[in-house]
Amino acid sequence: MPFKVLGLSDPLVRGILATGYKAPTEIQSQVIPAALEGKDIIGCAQTGTGKTAAFVLPILNRLTNDHSGKSKHVRSLILTPTRELAVQIEQCINGYGRYLHMRTLAIYGGVSMPNQLTALRRGVDIVVATPGRLLDHINRRSIDLSRVEMFVLDEADRMFDMGFINDVRKIITRIPANRQTLLFSATIPQEVKTLAAGIQHNAKIIQVGQQRSPIETITQHIYPVHREQKMELLLHMLQNGGMYSVLIFSRTKHGADRISHRLEKSAIKSVAIHSGRTQGQRQRALQGFKAGKFQVMVATDIAARGIDVEGISHVINFDVPAFAEDYIHRIGRTGRATAIGDAITFVSRDEEKHLRQIEKFIGHKFKMEKCPGFVSTMPEESERAPKPAHKFFNPGKKRRPSRNRRR
Ligand code: AMP
C-alpha cells in the first residue's frame, strides 16, 4: 500500500519518499488513517516497528492542512522520556516535513537554556520534549501550551519506569482538554491503562505484533560463561565475527566505561554512552557511532533507550538485564524495521535467574550456545534432558528397589 492511500498531503508524501520509505509499516497503516480522522489512539507496538512516523505524519498533515500563516503558538506537543529520543523525533519531523514549513524544537535537559528560549520567542509549531526541562520552561513561563491541538505521549510505560509520570501529569494539566491524544507504549500494564483512561476519550486501541515477543527478524544467542571470561569472549567475538556495528549493553556506567576502555586498548574503536556523560559527549558518541567512526558503542539501559541507529548488526548484552522488559528494548536496537540483526547475551552463573525471568516473560526457552575455547557454565539444550513428570514413569531409568528409596 503506498503512503498516498493513507490520506496524507502531496508534499508530505514527497518528504516520506525522499526519506527512503517505500510503503507504510503495519503500525503506520493502522494508526495514520485513524489519527487523521481525529481519534484518540493507544498504540501498542514493538520497538522498531516505525511508530515514530505513525504519530509524526498525522501531526504534520494536520498542522499543514490548516496552517494559517506563521502562528506563534505551539500546536503540537510530543513528550518522550529520553534526550536521545527527543533529538531523533525532531530529526524525523524535519526529514518527513522537508517540503513543509514547520518549525520544530526539541526541548531537553543537559544543554543550556538560551537557544531554547530564543527559538520559543520566535515561535514554534511542534515541540518535542523530555518532561523535566519542559516543566522548567512552564515554571519560568517561557512556553505557552494553551493552544496545543495534538498531544503525543511516547513510551508511556517508560515514563512510569523512569519516575517521570508525575511531571507528565503536571504538563498535561497545561494543555487544552479538547486536544487529540496519541499514546504509545511498548507494553500496556494496568498503570498505563489507568493513565490513558484519564487523559483520552474513546481511544482506539491499535496493537501491532504480539506484545512481549521480540521482533522476528532478530536471532537471539545465549552464551553461558564465567563472569571472568566475559571480556575475553567479547574480544574474541569482535575480532573474529564480521561484527561491523555493535551496540553493547552494560548494567552500570562504570561497567560501560571499563568495557569501552578495554576495547580501545585492543584497537577496537569504541565509545561509551551513559547518564554520567555530558549531553555533548552523548551526542558526539551517538553521531560518531552512526557515522561508523566507532565499531562499538557501549551503553547503559537508560542511555540506550532512544537510540535509533540504522544497521546495528549486533546487540551484545554483556550483563543480563535485571528486568525482562529491558531485554526486549535492548535487542530491539538491532533488526529495526525488518532489517536482520543478532542479539547475543552473556550469562554468568549469578545471572541465570534473570535469564529464566526473560524466558518466562517472552514465553519461550532459549537454546544455550557454546563458543569453542570457552567453558560453558550451563549444559546445552541437548544435554538438558527434560525431567520426568513423575519419577516412576521414567522409561529410560531402572526403578530402584524400594528399600533404597527409603534411605
Ligand atoms: P521507530 O520504531 O519509529 O523507532 O522506527 C524504527 C526504524 O524504522 C527507523 O530507523 C525508521 O527510520 C524506520 N522506518 C520507519 N518507518 C519506515 C517505513 N515505512 N519504511 C522503512 N523504514 C521505516
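Everything numeric here is computed off the predicted structure, so don't read it as measured data.

So, how was this worked out
Residues numbered from 1 in each chain as written. Predicted model: local features only at pLDDT ≥ 70, side-chain atom pairs only at ≥ 80, totals over all residues. Heavy atoms only, no water. Salt bridge = Lys/Arg side-chain N within 4 Å of Asp/Glu carboxyl O. Helix = DSSP H or I, 4+ residues; strand = E, 2+ residues; numbered from the N terminus. Buried < 20%, exposed > 50% of the residue type's maximum accessible area, 1.4 Å probe, protein only. Core = buried A, V, L, I, M, F, W, Y, C linked by side-chain atoms within 4.5 Å. Contact = heavy atoms within 4.5 Å. Phe/Tyr/Trp six-rings, centres within 6.5 Å; stacked < 30°, edge-to-face > 60°. Lys NZ or Arg CZ within 6 Å of the ring centre and 35° of its normal. Pairing = 2+ DSSP bridges. Axes fitted to C-alpha atoms, helices over the stretch in contact; angles between N-to-C directions. Right-handed = clockwise from strand over helix to strand, strands pointing away. Arc of directions from axis to C-beta.

**Considering the pattern of salt bridges**
Right, so step 1: With the rule as written, the count across this model stands at 18 salt bridges.
Right, so step 2: For the salt bridge of R227 with E351, the shortest nitrogen-to-oxygen distance reads 3.4 Å. Residue R227 is found in the loop between β8 (218–224) and α10 (230–240), and its partner E351 is found in the loop between β13 (341–347) and α15 (352–362); the two are separated by 124 residues along the sequence.
Right, so step 3: Residue classification places R227 among the partly exposed positions, given a relative accessible area of 37%.

**A few points about unusual backbone geometry**
Right, so step 1: Phi at R141 takes a positive value of approximately 55 degrees, unusual for a residue other than glycine.
Right, so step 2: Note on placement: R141 falls in the loop between α6 (131–139) and β5 (150–153).
Right, so step 3: The phi dihedral of N202 is positive, around 50 degrees, even though this residue is not glycine.
Right, so step 4: Taking relative accessible area as the criterion, N202 reaches 80% and is therefore assigned exposed.

**Structural notes on the nonpolar core**
One broad trend across soluble globular proteins is that nonpolar side chains are buried collectively.
Right, so step 1: Of all hydrophobic cores here, the largest spans 40 residues; its most connected members are L8, L57, L60 and I78.
Right, so step 2: Once you skip the residues sitting within four places of it in the chain, I78 turns out to touch F55, I59, I89, I93, I126, V127, V128, A129 and V152.
Right, so step 3: The next biggest cluster of nonpolar side chains, apart from the first, holds 34 residues, and it includes L105, V124, L135 and L195.

**Quick word on the packing of aromatic side chains**
Right, so step 1: In this structure the tally under the stated criterion is four aromatic pairs.
Right, so step 2: Taking the ring centre of Y99 as reference, the NZ or CZ of R14 above it sits at 4.6 Å.

**A few points about the sheet that holds strand β10 (residues 270–273)**
Right, so step 1: If you trace the six strands from one edge of the open sheet to the other, you get β8-β13-β12-β9-β11-β10, paired in parallel fashion. Each edge of the sheet is formed by a strand with only one pairing partner; in this case those strands are β8 and β10. Averaged over all pairs of adjacent strands, the angle between strand axes in this sheet comes to 20 degrees, irrespective of strand direction.
Right, so step 2: Across seven bridges, the pairing between β8 and β13 is parallel. Within β13, the residue paired with H221 across the bridge is I344.

**Observations concerning the pairing of strand β4 (residues 126–129)**
Right, so step 1: The two faces of β4 match: I126 and V128 on one face and V127 and A129 on the other face are all buried.
Right, so step 2: Summarising the sheet, strand β2 (residues 76–79) and β4 pair through four bridges and their orientation is parallel. Pairing of I78 across the sheet is with V128, part of β4.
Right, so step 3: Where strand β3 (residues 104–107) meets β4, four bridges bridge the pair, whose relative direction is parallel. Residue pairing in the sheet places A106 in a bridge with V128 of β4.
Right, so step 4: Read as a crossover between parallel neighbours, the route from β3 over helix α5 (residues 114–122) to β4 is right-handed.

**Let's talk about helix α8 (residues 165–172)**
Right, so step 1: The set of residues buried in α8 consists of I165, V168, I171 and I172. In a view along the axis of α8, the buried residues occupy a sector of 115 degrees, so they form one face of it.

**What to know about the side chain of T104**
Right, so step 1: You can see T104 is positioned in strand β3.
Right, so step 2: Classification of T104 as buried rests on a relative accessible area of 14%.
Right, so step 3: Sequence-distant contacts of T104, that is, excluding residues within four places in its chain, are made with E90, I93, N94, V124, I126 and V128.

**A few points about the sheet that holds β2**
Right, so step 1: Across the sheet, seven strands lie side by side as β3-β4-β2-β5-β6-β1-β7; this open sheet has parallel pairing. Looking at which strands have only one partner, the edges of the open sheet turn out to be β3 and β7 (204–208). Between one strand and the next, the sheet's axes are offset by a mean angle of 15 degrees, whatever the strand orientation.

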